Amino acid sequence: MKLDVDITIRRGASPITVRFTLEETVAGLYGPSGVGKTTTLQVIAGLLSPDAGHVRLGNRTLTEVATKVFVPAHRRRIGYVFQEGRLFPHFSVAGNLNYGRRFSPTPLDDSQRDAVIDLLGIGHLLKRWPLTLSGGEKQRVAIGRALIAGPQLLLLDEPLASLDEGRKDEMLPFFRRLCQDSGVPIVYVSHDRRELDAIGAAVVPLAPAAHM
Amino acid sequence: MSGLLAPLTAAEWTIIQLSLKVALVATLASLPFGVAVAYLLSRKRFPGLWLVDALVHLPLVLPPVVTGYALLVIFGRKGVVGQTLESCCGLVFAFRWSGAALAAAVMAFPLLVRAIRLSFDAIDLRLEEASATLGASPFWRFITVTLPLAWPGILGGTIIGFAKALGEFGATITFVANIPGETETLPLAIYAQTQIPGGEAVALRLTLIAVVIAFAAIAASQLLRDYTKRGHALP
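Model, not experiment: these values are computed from the prediction.

Draft legend 1. Fine view of the overall build of chain B. For chain B, the count of helices and strands is 10 helices and 0 strands. N-terminal to C-terminal, the α/β element order of chain B is α-α-α-α-α-α-α-α-α-α. In terms of overall dimensions, chain B has C-alpha extents of about 70 × 45 × 30 Å along its principal axes. The 235 residues of chain B split such that 44% are buried. Put simply, 70% of the contacts in chain B that link residues at least 6 apart link residues at least 24 apart. If you sum the accessible surface of chain B, you get close to 11,900 Å²; carbon and sulfur atoms cover 72% of it. When the 16 positive and 12 negative side-chain charges of chain B are each reduced to one mean point, those points stand 5 Å apart.

Printed below as a string of structure tokens:
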């Protein structure tokens, strides 16, 4: 599935322009903090409207400022794993994982869901509440939650940022397997080049906008 | 004259039942509107929002007698709204228990809305975003994320609203007068008893009853909250 992004966002004094197309299964958006990586993901997911440009996924136009096309986030079928996890505190882990199934036109069936739970190693957490999970556990549940809804594209926003070094090394194999086995195209955002190399992503560098 | 701890008389039962009916109907009927207005004030920005905010809070700052008189002018049998409601639906508020409930609801509304609005304000909007990316429409986001997370505030607002409705005096007596068996709620009955010679004993009994009901309402809300909070990470 081809992702075609060409957007301009006016944020503060200087506008940010991000332009790339992805054909690869796993693409890594890479660049220093403040370059607009998270903003780009928000625009792709439909949580933010750009000031100009477009977002296309496959043959669907999701955002096009010129023609006023804007598909709302809940109809985009794009999974989003946020930096902070954002698990629902009032649902158990199982409740969080199943949340998207009732809304998605193509949710994973029970056996596919169990396969995702196995892949992420979170089977023993199903009855726990998000408040009682460690940072790494929360992130894995958040990834599971996004995948089980059956998205057409998965966005990962610095999923390791909130973890310490040891935890990061523990999590990287999960991501490598995830990228190989999930069958969903992934956009993985990071400011750490080694992380992207470790999961085998095709790197798209984002540079700060040139000042005119 | 009965002693302080004598069994309740029929007249006292009538007052208690009427008070509970008026306060319950006032609270439950205004709750859906309270949730809607609180959500509006917490989340939406539109011109004229300040007017909605001001109107909702008006009964809190106006003398209750003024609110009661305004209700009489608007919902009385000759009032604009009162006349229409009577001819179209046979609904009469003036000097009826339903009028007492309306007065209690109007007076309790600002407190109800404030408590619920604060709980909407406290919800992390990023959770609603997460819900959207998982395919939930605005309606389902509200039902599955916003409403459950605001539950403690809704419960608290309901209890405060109920307490206010139970204690409402000025607007009620102005709008629907003090008619035993129809509009004579606890506060009105206590007031009436203090106005007649030898009424102090009954007034004291009724006061104790009001205290018991207030405690029961608070205890019920605590139990309900603890029950729904079990295992959860609700604030």
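Here the narrative resumes, following the displayed structure.
Draft legend 2. Spatial organisation of the nonpolar core. Residue and element names in this part refer to chain A. One finds Leu-3, Phe-20, Ile-44 and Leu-155 to be the most contacted residues of the largest nonpolar core, which totals 55 residues. For Phe-20, the residues in contact, after removing those within four places along its chain, are Leu-3, Asp-4, Val-5, Leu-29, Thr-40, Ile-44 and Val-204. Core analysis: the second largest hydrophobic core is formed by 34 residues, Val-81, Leu-163, Met-171 and Tyr-188 among them.

Draft legend 3. Examining the state of the cysteines more closely. Residue and element names in this part refer to chain B. Within this structure, the stated rule accounts for 1 disulfide over all chains. A sulfur-sulfur separation of 2.4 Å characterises the disulfide bridge that pairs Cys-88 with Cys-89. With respect to class, Cys-88 is no different from Cys-89; both count as exposed.

Draft legend 4. Up close: helix α1 (residues 37–45) of chain A. Residue and element names in this part refer to chain A. When you tally the buried positions in α1, you get 8 out of 9 residues, the bulk of the element. Buried within α1 are the following residues: Lys-37, Thr-39, Thr-40, Leu-41, Gln-42, Val-43, Ile-44 and Ala-45. With its phi angle positive at about 90°, Gly-46 sits one or two positions after the end of α1.

Draft legend 5. The arrangement of the layout of surface pockets in detail. Residues and elements named next belong to chain B. Space inside the largest pocket adds up to approximately 590 Å³. Taken together, 26 residues make up the lining of the largest pocket; nearest its centre are Leu-71, Leu-102, Ala-105, Val-106 and Phe-109. Elements with a minimum of two residues in the lining of the largest pocket: α1 (10–43), α2 (49–61), α3 (64–75) and α5 (97–121). Class assignment for the residues of the lining of the largest pocket results in 23 nonpolar, 3 polar and no charged. Contributing elements (two or more residues each) for the lining of the second largest pocket: α1, α6 (125–133) and α7 (138–167). In terms of residue class, the lining of the second largest pocket is built from 9 nonpolar, 3 polar and 5 charged.

Draft legend 6. View of the sheet that holds strand β2 (residues 15–22) of chain A. Residue and element names in this part refer to chain A. The sheet built from 5 strands is open, its strands ordered β2-β1-β4-β5-β6 with antiparallel pairing. For this open sheet the edge positions go to β2 and β6 (69–70), each flanked by a neighbour on one side alone. Running at roughly 120° to strand β1 (residues 3–10), α1 makes contact with β1, β2, β4 (52–57) and β5 (60–64) of the sheet.

Draft legend 7. Here's a closer look at the packing of aromatic side chains. Residues and elements named next belong to chain B. This structure, assessed with the given rule, holds 12 aromatic pairs over all chains. Plain terms: the ring middles of Tyr-39 and Phe-120 are 5.4 Å apart, the flat faces sit at 80° to each other, and that makes the pair edge-to-face. Of the two residues, Tyr-39 is situated in helix α1 and Phe-120 in helix α5; the sequence distance between them amounts to 81 residues. Taking 5.6 Å as the distance between ring centres and 85° as the angle between the ring planes, the aromatic pair formed by Phe-75 and Phe-93 counts as edge-to-face. In this pair, Phe-75 sits in helix α3 while Phe-93 sits in the loop between α4 (80–89) and α5, placing the two residues 18 residues apart along the sequence. Judged by relative accessible area, which is 13%, Phe-93 ranks as buried.

Draft legend 8. Broad picture of the interface of chain B and chain A. With 22 residues of chain B in contact, the opposing surface of chain A contributes 22 residues. Both sides of the chain B and chain A interface together cover about 2,000 Å² of buried area, and 69% of this is carbon and sulfur. There are 2 salt bridges connecting chain B and chain A. One salt bridge connects Glu84(A) with Arg126(B), and the closest N-O pair in it is separated by 3.3 Å. Breaking the side of chain B that touches chain A down by element, the ones donating at least two residues are α6 and α7 of chain B. Here the side of chain B that touches chain A is built from residues that sort into 12 nonpolar, 7 polar and 3 charged.

Draft legend 9. Main features of the pattern of salt bridges. Residue and element names in this part refer to chain B. Summed over all chains, the structure comprises 18 salt bridges over all chains. For the salt bridge of Arg-43 with Glu-128, the shortest nitrogen-to-oxygen distance reads 3.0 Å. In this pair, Arg-43 sits in helix α1 while Glu-128 sits in helix α6, placing the two residues 85 residues apart along the sequence. You can call Glu-128 buried: its relative accessible area is 11%.

Draft legend 10. Highlighting the confidence of the model for chain A. When the pLDDT values of chain A are averaged, the result is 87; 98% of them are 70 or greater. When pLDDT is averaged over each element of chain A, helix α2 (residues 93–98) of chain A comes out on top at 96 and helix α5 (residues 165–181) of chain A at the bottom at 75.

Draft legend 11. Quick look at the packing of α3(B) against α5(B). All names here are of chain B. Look at α3 against α5: their axes get within 11 Å of each other, and the N-to-C directions meet at 130°. Of the possible angle classes, the one that applies to α3 and α5 is oblique. Like other packed secondary-structure pairs, α3 and α5 cross with a definite hand, here right-handed. Contacts between α3 and α5 pair Pro-64, Thr-67, Leu-71 and Phe-75 from the former with Leu-102, Ala-103, Val-106 and Met-107 from the latter. Each residue belonging to the contact of α3 with α5 can be placed in one class, and the counts come to 7 nonpolar, 1 polar and no charged.

Criteria and thresholds
Residues numbered from 1 in each chain as written. Chains lettered and ligands numbered in written order. Predicted model: local features only at pLDDT ≥ 70, side-chain atom pairs only at ≥ 80, totals over all residues. Heavy atoms only, no water. Helix = DSSP H or I, 4+ residues; strand = E, 2+ residues; numbered from the N terminus. Buried < 20%, exposed > 50% of the residue type's maximum accessible area, 1.4 Å probe, protein only. Contact = heavy atoms within 4.5 Å. Areas by Shrake-Rupley, 256 points an atom, 1.4 Å probe, with all protein chains shown as cover. Lys, Arg positive; Asp, Glu negative; His and termini not counted. Charge placed at Lys NZ, Arg CZ, Asp CG, Glu CD. Core = buried A, V, L, I, M, F, W, Y, C linked by side-chain atoms within 4.5 Å. Disulfide = S-S within 2.5 Å. 1 Å grid on protein atoms, 1.4 Å probe; cavity = no way out; pocket = protein on both sides within 12 Å on 5 of 7 lines; lining within 4 Å. Points joined across faces, edges and corners; volume = space filled by probe spheres on them. Nonpolar A, V, L, I, M, F, W, Y, C, P; charged D, E, K, R; others polar. Pairing = 2+ DSSP bridges. Axes fitted to C-alpha atoms, helices over the stretch in contact; angles between N-to-C directions. Phe/Tyr/Trp six-rings, centres within 6.5 Å; stacked < 30°, edge-to-face > 60°. Buried area = accessible area lost by both parts, 1.4 Å probe. Salt bridge = Lys/Arg side-chain N within 4 Å of Asp/Glu carboxyl O. pLDDT = per-residue confidence, 0-100. Parallel < 35°, antiparallel > 145°, perpendicular 65-115°, else oblique. Left-handed = near helix turned anticlockwise from the far one by under 90°.

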